[in-house]
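# Descriptive structure summary
Below, each chain spelled out in residue letters.
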Amino acid sequence: MESATDDKTSAATQAEAAPTLAAELKAPTVTRAYQCQCGRPVFLRNSQCLACHTPLGYVVEHLGVVPLAPDAREAAESDTFTVFGDPQGRTYRRCDNLLTPAACNWMVPAPREGDDPSFNTDGLVPGLCLACSVTRTIPDLSIESNGELWRKLELAKRRLVSQLLALKLPVVTRLADPVHGLAFDFLGNVPGGPHVMTGHQMGVITLNAEEAEDAVRERIRAEMREPYRTLVGHFRHEIGHYYWDLLVQPTHWLEPFRELFGDESADYAAALQAYYESGPPPDWANRFVTSYASSHPWEDWAETWAHYLHMADTADTAMSFGVDAQNVELTSDLFELSDLWRPEHPEAGEFLDFLNGWVRLTNVLNELSRSMGQPDYYPFVLPRVAVGKLQFIHEVISEQRAPKQAHP
């Protein structure tokens, strides 16, 4: 990765004094390294340990995949579970989508008499977990190939929702809040009908299911001249629009947003038309994380938001697995406090550590990709202006994790 920063001291000099990746990033927001009760590693999509066959499931209260045990207080044939090692704890059932093409391994609360009233299934579709309850429309499963597309879409969405929960961002279904709740429509193109456009409107995120087909997505990526196009990237971008409506537009963050990103009241349709007809401005790389971010302040926000989620989740995963980038040879300088939007903010140093840990980590990841003859894992450049926008997003999210924090 290269960063378009002002002249700095050499990367080698800074590297001598720099802490390890783990020290710079301190600790993951949530671990991505899960473990079965037998000690074997398991992963976000697993519903059973392949080594000892212990049932596994994602439990929202634990923010991760945990080993499960049949509820000892129920009949032997009961389909309820407790977290392994906690036989008197809360009980859960499998999401009904486990046995569908979605193959969901998330757990649904199964409250018993005397349980905490907050432990309920309000807002969930009966039988479905939180991640599946926010899906409103699935692809037409009478078309055989759509089952695999649905599986890929749900897998990426579960990754997204698990990260949102870890960041303490609100994840509310339309059943719980018909006005501000979240819903996903996975639609396919119909012969003779209009082309399904991926996008967001009033809490409803629409994804063209064909994007889950790798060959289709790669063709579009090449046509659009994008360095990166993935399902999880689509989800993170579109959820950015949702959170702008929720966390920025009606709050004290709107004015600083306009200072950094621009006036969102500019004609959106006209801005996109101009972008697609004329392309980005020649100097876009000095101000934006991607060329598309230059099209309109809303798209700048969504692209930068997605980038922040990429960074945070990848860093969490790296730290969870003990990846150490201390000795990496940097191809760029590290950032300094003066590169930030608000260097005087009490958490500016923490954000800077996260940012520079990311610089080190992506150098390692790019070298690993090159070792396999693959394109760079991280094909982006972070200009200084974009770093300020990333700090803004970091502060918006941090406020959600500490609601009583004073406003800027």
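The coordinates are above.
The present account deals with the structure reproduced in this document. Within every chain, residues take consecutive numbers counted from 1 along the sequence as written. Local features in a predicted model are, by the rule used here, given only for residues with pLDDT of at least 70; side-chain atom pairs are given and counted only at 80 or more, and totals for whole chains, interfaces and linings are based on all residues. In computing side-chain properties, one takes all heavy atoms of the structure into account and sets aside hydrogens as well as water.

Before going further, it helps to examine the overall build of the chain. In terms of helices and strands, the chain carries 11 helices and 13 strands. By the burial criterion, 49% of the 408 residues in the chain qualify as buried. Residue contacts are counted whenever heavy atoms from the two residues lie within 4.5 Å of one another. Relative to all contacts within the chain whose residues are 6 or more apart in sequence, the contacts with residues 24 or more apart total 62%. Areas reported as accessible are Shrake-Rupley estimates using a 1.4 Å probe. Residue values count occlusion only from the protein chains shown. Of the accessible surface of the chain, which amounts to about 19,400 Å², a share of 54% is contributed by carbon and sulfur atoms. A helix here means a DSSP run of H or I that spans at least four residues, while a strand means a run of E at least two residues long, and both kinds are numbered starting from the N terminus. Relative accessibility decides the category of a residue: with a 1.4 Å probe and only protein chains considered, values under 20% of the type maximum give buried, values over 50% give exposed, and everything between is partly exposed.

Our focus in this paragraph is the layout of surface pockets. A water-sized probe, rolled over the atoms, reveals where empty space remains. Here the second largest pocket defines a volume of roughly 990 Å³. The pocket and cavity definitions rest on a 1 Å grid over protein atoms only: a 1.4 Å probe that fits but cannot leave marks a cavity, an open set with protein on both sides within 12 Å along at least five of seven lines marks a pocket, and residues lining either have an atom within 4 Å of a point. As for the second largest pocket, its lining consists of 37 residues, and the residues nearest its centre are Y228, T230, V232, R236 and Y377. Within the residue set of the lining of the second largest pocket, elements represented by two or more residues are α4 (146-166), α5 (214-224), α6 (231-248), α9 (297-320) and α10 (348-371). Three residue categories are used. Nonpolar comprises Ala, Val, Leu, Ile, Met, Phe, Trp, Tyr, Cys and Pro, charged comprises Asp, Glu, Lys and Arg, and polar comprises the others, including Gly. In the lining of the second largest pocket, the residues fall into 17 nonpolar, seven polar and 13 charged. Grid points are joined across faces, edges and corners, and a volume is the space filled by probe spheres set on the points.

A pair of Phe, Tyr and Trp rings is counted when the ring centres sit within 6.5 Å of each other, with Trp represented by its six-membered ring. The angle between the planes then sorts it: under 30 degrees is stacked, over 60 is edge-to-face, the rest tilted. Considering all chains together, one arrives at 25 aromatic pairs under this definition. Geometrically, the ring pair formed by F261 and W301 is edge-to-face, given 5.9 Å between the ring centres and 65° between the ring planes. One end of the pair, F261, is in helix α7 (residues 254-261); the other, W301, is in helix α9, and 40 residues separate them in sequence. Each member of the pair, F261 as well as W301, carries the same accessibility label: buried.

When a carboxyl oxygen of Asp or Glu is within 4 Å of a side-chain nitrogen of Lys or Arg, the pair counts as a salt bridge. Under the defined criterion, the tally for this structure stands at 21 salt bridges. Note that E255 is salt-bridged to R258, the shortest N-O span being 3.1 Å. Of the two residues, E255 and R258 both sit in helix α7, three residues apart, roughly one turn of that helix. Of the residues examined, E255 reaches a relative accessible area of 48% and is grouped as partly exposed. Looking at R258, the relative accessible area reads 31%, which means it is partly exposed. Of the charged contacts in the structure, one is a salt bridge between R370 and D376, with a shortest N-O distance of 2.8 Å. It is possible to trace a salt-bridge network through shared partners that takes in R32, R159, R236 and D313.

The interhelical angle for the contact between α10 and helix α11 (residues 384-401), taken along N-to-C directions, is 120°, at an axis separation of 11 Å. Overall, the two elements α10 and α11 adopt an arrangement that is oblique. Where α10 crosses over α11, the handedness of that crossing is right-handed. Here α10 contributes A348, E350, F351 and L355 to the contact with α11, which in turn contributes V387, L390, Q391 and H394. For helices, the axis comes from a line fit to the C-alpha atoms of the stretch in contact; other axes are also lines fit to C-alpha atoms, and the angle between any two N-to-C directions lies between 0 and 180 degrees. For this classification, under 35 degrees means roughly parallel, over 145 means roughly antiparallel, 65 to 115 means roughly perpendicular, and everything else is oblique. Helix crossings get a hand from a simple test, with the near helix turned counterclockwise from the far one by less than a right angle marking a left-handed crossing and a clockwise turn marking a right-handed one.

With that settled, the discussion passes to the environment of V323. Among the secondary structure elements, V323 is positioned in the loop between α9 and α10. Classification of V323 by relative accessible area gives partly exposed; the value is 32%. Considered as a pair, V323 and L361 are 38 residues apart in the sequence and their alpha carbons are 8.4 Å apart.

Counting buried positions along strand β12 (residues 204-208) yields five of five residues, so the element is predominantly enclosed. Side chains V204, T206 and N208 project from β12 onto one buried face, and the interleaved I205 and L207 project onto a second face that is buried too. Bridging between strand β10 (residues 183-187) and β12 involves five bridges; their strand directions are parallel. Residue pairing across strands places L187 opposite N208, the latter belonging to β12. Any two strands with at least two DSSP-identified bridges between them are counted as paired. Relative to β12, strand β11 (residues 199-201) runs antiparallel, the two being bridged by three bridges.

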